[in-house]
Amino acid sequence: MDSEPAQRPAKLRALLVLGRVSNLPTVWSNCLAAWWLAGGGPWDRFALLCVGATLVYLGGMYLNDACDVEWDRAHRNERPIPTGAVGEREVWFWTMGLLSAGTLSFLAFGIMSAFYAVALLFSVVLYNAFHKHISWSPVLMALCRLFLFLAAGAAADGTGDPREWGLVVWTALVLGLYIVGLTYVAKHESIPGVLRYWPCILLAAPVVLATIVNAGQYRVHGAGFSLAMGGWTIWCVSHTLGGRRPQIGRTVSGLLAGIVLVDALAVVGGLADREPWLAGVFAGLFGAALLFQRFIPAT
């Protein structure tokens, strides 16, 4: 009788580990940046957007372990399914429910947001089904974040100004390039091999966009954020490329938290002018991502 209540904390932790919930602040920062760039809107709608994005993210993470179960049993037997903390059928049940509910929630924001959400769903499924079998799987992972960003932007109550949507698209593309570089490094955490340096160059894409887009008074503020973003990225990468014993896990965890900095850099102009409080929100999300990683692994 007493064993079941005692098992509940362990089961809850297993579900949190499966969902890699330490990365959720980066999902919310993606939504916030895209929402703000596209014109914003009522905050209750934004809350619903974050809920939908959270459900899709968790479903995608659960799907990852469900698809990789045999590989995990051979190479990462500490994962929740191989240890028996969560049953494989239960994980599939959660996967289907979370992905379905999350994708359907985007219908509340109109046809374009729903369209990008469906594209996000397909990207999530394709990545998890094939990422262990193809060398260009980082591109599929990048598409997941790209379509999430576009779905969040399309959910906002924008003015219809092409410049607003253009910046959303460019930011989504740059975020995608950052994710390609990050995911390339992450692949070598579990698959031995020579780590080539050139994909890491893609991690600088957000700084390049900020340099091109920001002008006038915003260029000064952008330069400050660019230095912070660049410094954090270099510090993270140095754990892998700068020592005799690469710490790829530490690099990947830091770069994952750095997604929040990518989002903050994208909206730096508004942070300095109309909505300075947003800087505090992004700082809080960045801190939350780092804090959560102390309790739940990011990968």
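Below or above, wherever it landed, is the structure these notes cover. Just so it is clear, the model here is predicted, and its values are computed rather than measured.

### Re the overall build of the protein chain
- In terms of helices and strands, the protein chain carries 15 helices and zero strands.
- Of all 299 residues assigned to the protein chain, the portion counted as buried reaches 50%.
- Considering only contacts within the protein chain whose residues lie at least 6 apart along the sequence, 74% involve residues at least 24 apart.
- With the model as given, the accessible surface of the protein chain reaches about 14,400 Å², and the carbon-plus-sulfur share is 68%.

### A short note on helix α12 (residues 248-257)
- Most of α12 is tucked away, with eight of its ten residues classed as buried.
- Looking at α12, one finds that the buried residues are I248, T251, V252, S253, G254, L255, L256 and A257.

### Concerning the nonpolar core
- Residues C31, L49, F149, Y178 and L182 are the most contacted members of the largest nonpolar core, which totals 87 residues.
- Of the residues forming this core, the biggest block, twelve residues, is contributed by helix α8 (residues 137-155).
- Dropping the residues within four chain positions of it, L182 is found in contact with L203, V252, L255, L256 and I259.

### Structural notes on the packing of aromatic side chains
- Summed over the entire model, instances satisfying the criterion amount to eight aromatic pairs.
- Considering the side-chain rings of W43 and F46, the 5.4 Å spacing of their centres and the 90° angle between planes classify their relative orientation as edge-to-face. Linking W43 with F46, this pair stays in helix α3 (residues 43-67), spanning three residues, or about one helical turn.
- Looking at W43, the relative accessible area reads 47%, which means it is partly exposed.
- F46 gets classed as buried once you look at its relative accessible area, which sits at 13%.
- An aromatic cluster of at least three residues, connected via ring pairs, comprises W35, W43, F46 and W277.
- Stacked on the ring of W71, the Lys or Arg K132 has its end atom at 4.5 Å from the ring centre.

### Some thoughts on the environment of L98
- Among the structural elements, L98 can be located in helix α6 (residues 88-105).
- Exposure remark for L98: the relative accessible area of 11% places this residue in the buried category.
- Here the alpha-carbon distance between L98 and G52, two residues 46 residues apart in the chain, equals 9.1 Å.
- Those residues in contact with L98 that sit more than four places away from it in its chain are L55, V56, L58, G59 and Y62.

### Some details on the environment of A186
- Here A186 is to be found in helix α9 (residues 162-190).
- Judged by its relative accessible area of 21%, A186 falls in the partly exposed class.
- Through-space distance from the C-alpha of A186 to that of L256 is 9.9 Å; in sequence the pair is 70 residues apart.

### Considerations on the side chain of T95
- With respect to the element layout, T95 can be found in helix α6.
- Relative accessible area serves as the criterion here: at 0%, T95 is assigned to the buried category.
- Once residues within four sequence positions are removed from consideration, T95 is found in contact with G59, Y62 and L63.

### Here's the deal with helix α15 (residues 277-292)
- Along its 16 residues, α15 runs 23 Å from first to last C-alpha, staying within 8% of the 22 Å computed at 1.5 Å per residue.
- Within α15, burial applies to L278, F282, L285, F286, A288 and A289. Projection of α15 onto a plane perpendicular to its axis shows the buried side chains occupying an angular sector of 160°, all on one side.

### Considering the packing of helix α13 (residues 259-266) against α15
- One can describe the packing of α13 onto α15 by two numbers: an axis separation of 9 Å at closest approach and a directional angle of 170°. In terms of orientation, α13 lies roughly antiparallel with respect to α15. Between α13 and α15, the contacting residues are V260, L261, D263 and A264 on the first element and F282, L285 and F286 on the second.

### A word on a nonpolar patch on the surface
- Together, V118, F122, L126 and F130 give the surface a local cluster of nonpolar side chains, amounting to about 370 Å² of exposed area.
- When you line up the elements, F130 lands in helix α7 (residues 111-130).

### A short note on unusual backbone geometry
- The backbone of R20 sits at a positive phi, close to 45°, despite the residue not being glycine.
- Since its relative accessible area comes to 7%, R20 is described here as buried.

### Here's the deal with the pattern of salt bridges
- By the definition in use, this model includes eight salt bridges.
- Residue R20 pairs with D65 through a salt bridge whose shortest N-O separation is 3.0 Å. With a gap of 45 residues between them, R20 in the loop between α1 (3-19) and α2 (24-37) and D65 in helix α3 connect regions that are remote in the sequence. Each member of the pair, R20 as well as D65, is classed as buried.
- In this structure, R76 and E78 form a salt bridge, with 3.2 Å as the shortest nitrogen-oxygen distance.
- Connected through shared salt-bridge partners, R20, D65 and R79 make up one network.

Definitions and cut-offs
- Residues numbered from 1 in each chain as written.
- Predicted model: local features only at pLDDT ≥ 70, side-chain atom pairs only at ≥ 80, totals over all residues.
- Heavy atoms only, no water.
- Helix = DSSP H or I, 4+ residues; strand = E, 2+ residues; numbered from the N terminus.
- Buried < 20%, exposed > 50% of the residue type's maximum accessible area, 1.4 Å probe, protein only.
- Contact = heavy atoms within 4.5 Å.
- Areas by Shrake-Rupley, 256 points an atom, 1.4 Å probe, with all protein chains shown as cover.
- Core = buried A, V, L, I, M, F, W, Y, C linked by side-chain atoms within 4.5 Å.
- Phe/Tyr/Trp six-rings, centres within 6.5 Å; stacked < 30°, edge-to-face > 60°.
- Lys NZ or Arg CZ within 6 Å of the ring centre and 35° of its normal.
- Expected span 1.5 Å × (residues − 1).
- Arc of directions from axis to C-beta.
- Axes fitted to C-alpha atoms, helices over the stretch in contact; angles between N-to-C directions.
- Parallel < 35°, antiparallel > 145°, perpendicular 65-115°, else oblique.
- Patch = residues over 30% accessible without salt bridge, like charges linked within 9 Å, V, L, I, M, F, W, Y side chains within 5 Å.
- Salt bridge = Lys/Arg side-chain N within 4 Å of Asp/Glu carboxyl O.

The values reported here are purely geometric and, on their own, carry no functional implication.
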